[in-house]
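# Structure at a glance
Listed below are the residues making up each chain.
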Amino acid sequence: MTKPKHCLSLLDLDASTIQQCLQLAQQIKANPEAYVHSLEGKSIALLFEKPSLRTRVSFEVGIHQLGGHAVYLDANMVGPGQRESVQDIAANLACWTHAIVARVFQHDTLQQLSTAGISVVNALCDIHHPCQTLADLLTLQEVFGEDLSVLKVAYLGDGNNVCQSLMLGAAALNMPLQVVTPKTYGPSKQIMQTLDETFKNHQVTLLNDPAQLGPVDALYTDTWISMGEQDSAEKKQYLQPFQLNQQLLEASGATAVMHCLPAHRGDEITDELMDGEHSVILRQAENRMHAQKALLHYLFNGFV
Ligand code: CP
Ligand code: NVA
């Protein structure tokens, strides 16, 4: 049996694979009819421990468009680690399905799922959100052109899963990215260490003061309180200066405003920026499906 390819994080895809996935996503978006047999005869389990709008729908519709079949599994029903072990669930799913797309609380659950001999795709965990980053990079290419190394992007807010995957994607493609967070809510030391070890000349830098941000092409933010996290007035207060608003937009000169959604209007981003002329937020959401179709095509067929 050939070893299955996984996407537990962007570290599973090297720089060339990420680039090729983005190219393929563009082709699939432009000509979806050419890929209607990509997943013929394939069934894919979608196992979700947390809520979702975009990820669930874009995977279900995308798999259907590729000729495959998606089976949605609410983790409350399946009970990973409660009703039965994660590894037993994976072994059973491997009897009937060809891949597992999973949204989980702990990254370790994905690792356990990946022991059953079928592909596993991370649909968000505590550390990463690789599918989001693929869609974000695709969106940036559409807006600014293929070569992301000439761009300047800034992520402001909580140094969470979305931020950390964006850091990995930026480093892989040599895209300059400034990550601007309060010290207490920055990305993990582990991610920065991985970046430094894996991408020797990456251009990801950390800042703690939005006033230090120079001119950028794109501004990105995400919710201040992630799914499963306790709501915290204190954290929101710390993050207030990192809000995407008109003043920051003008000071930075950015012409693209990004958010992975769901957004908390008035917290991490104002209505004005969400709905303004520079918002590419819905395009990011649309591109989730094209990017994920490309990823699934690659996992099963390579780039043929
Ligand atoms: N951006 C994103 O992953 O959205 P959902 O949580 O709705 O899937
Ligand atoms: N950081 C957010 C992303 C949601 C898509 C969360 O984990 O809830």
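Residues numbered from 1 in each chain as written. Chains lettered and ligands numbered in written order. Predicted model: local features only at pLDDT ≥ 70, side-chain atom pairs only at ≥ 80, totals over all residues. Heavy atoms only, no water.

The name recorded for the protein in an unreviewed UniProt entry is Ornithine carbamoyltransferase, from Aliidiomarina minuta. Of the protein, the UniProt comment under Sequence similarities (unreviewed entry) reads exactly: "Belongs to the aspartate/ornithine carbamoyltransferase superfamily. OTCase family." Per UniProt, the comment on the protein under Catalytic activity (unreviewed entry) is "carbamoyl phosphate + L-ornithine = L-citrulline + phosphate + H(+)". (UniProt positions renumbered as here; feature names shortened; annotations may be inferred.)

This part covers the site of ligand 2. For ligand 2, the full set of nearby residues is Leu124, Asn160, Asn161, Val162, Asp222, Thr223, Ser226, Met227 and Leu261. One of the side-chain N or O atoms of Asp222 is found 2.7 Å from a nitrogen atom in ligand 2. Contact between ligand 2 and Ser226: a nitrogen atom at 2.7 Å from a side-chain N or O atom of the residue. Surface burial for ligand 2 is 95%, taken as the share of its 270 Å² of free accessible area covered by protein chains. Taken together, the residues of the shell around ligand 2 sort by class into four nonpolar, four polar and one charged. (Near = heavy atom within 4 Å. Polar contact = N/O pair within 3.5 Å; in protein donor to acceptor, adjacent residues only side chain to side chain. Areas by Shrake-Rupley, 256 points an atom, 1.4 Å probe, with all protein chains shown as cover. Nonpolar A, V, L, I, M, F, W, Y, C, P; charged D, E, K, R; others polar.)

In this numbering, the UniProt entry assigns the feature "domain: Aspartate/ornithine carbamoyltransferase Asp/Orn-binding" (unreviewed entry) to residues 151-298. Helix makes up 39% of residues 151-298 and strand makes up 14%, while its end C-alpha atoms are separated by 27 Å. (Helix = DSSP H or I, 4+ residues; strand = E, 2+ residues; numbered from the N terminus.)

Let us look at unusual backbone geometry. Looking along the chain, the bond that leaves Leu261 and enters Pro262 is cis, with omega of 5°. Among the secondary structure elements, Pro262 is positioned in the loop between strand E9 (256-259) and helix H11 (271-274). In this structure, Leu124 takes a positive phi of about 120° despite not being glycine. Following the sequence through the fold, Leu124 ends up in the loop between strand E4 (119-122) and helix H6 (130-144). A relative accessible area of 6% places Leu124 in the buried class. At Asn174, a position not held by glycine, the phi torsion is positive, near 60°. Structurally, Asn174 can be placed in the loop between helix H7 (161-172) and strand E6 (177-180). A relative accessible area of 32% means that Asn174 is categorised as partly exposed. (Buried < 20%, exposed > 50% of the residue type's maximum accessible area, 1.4 Å probe, protein only.)

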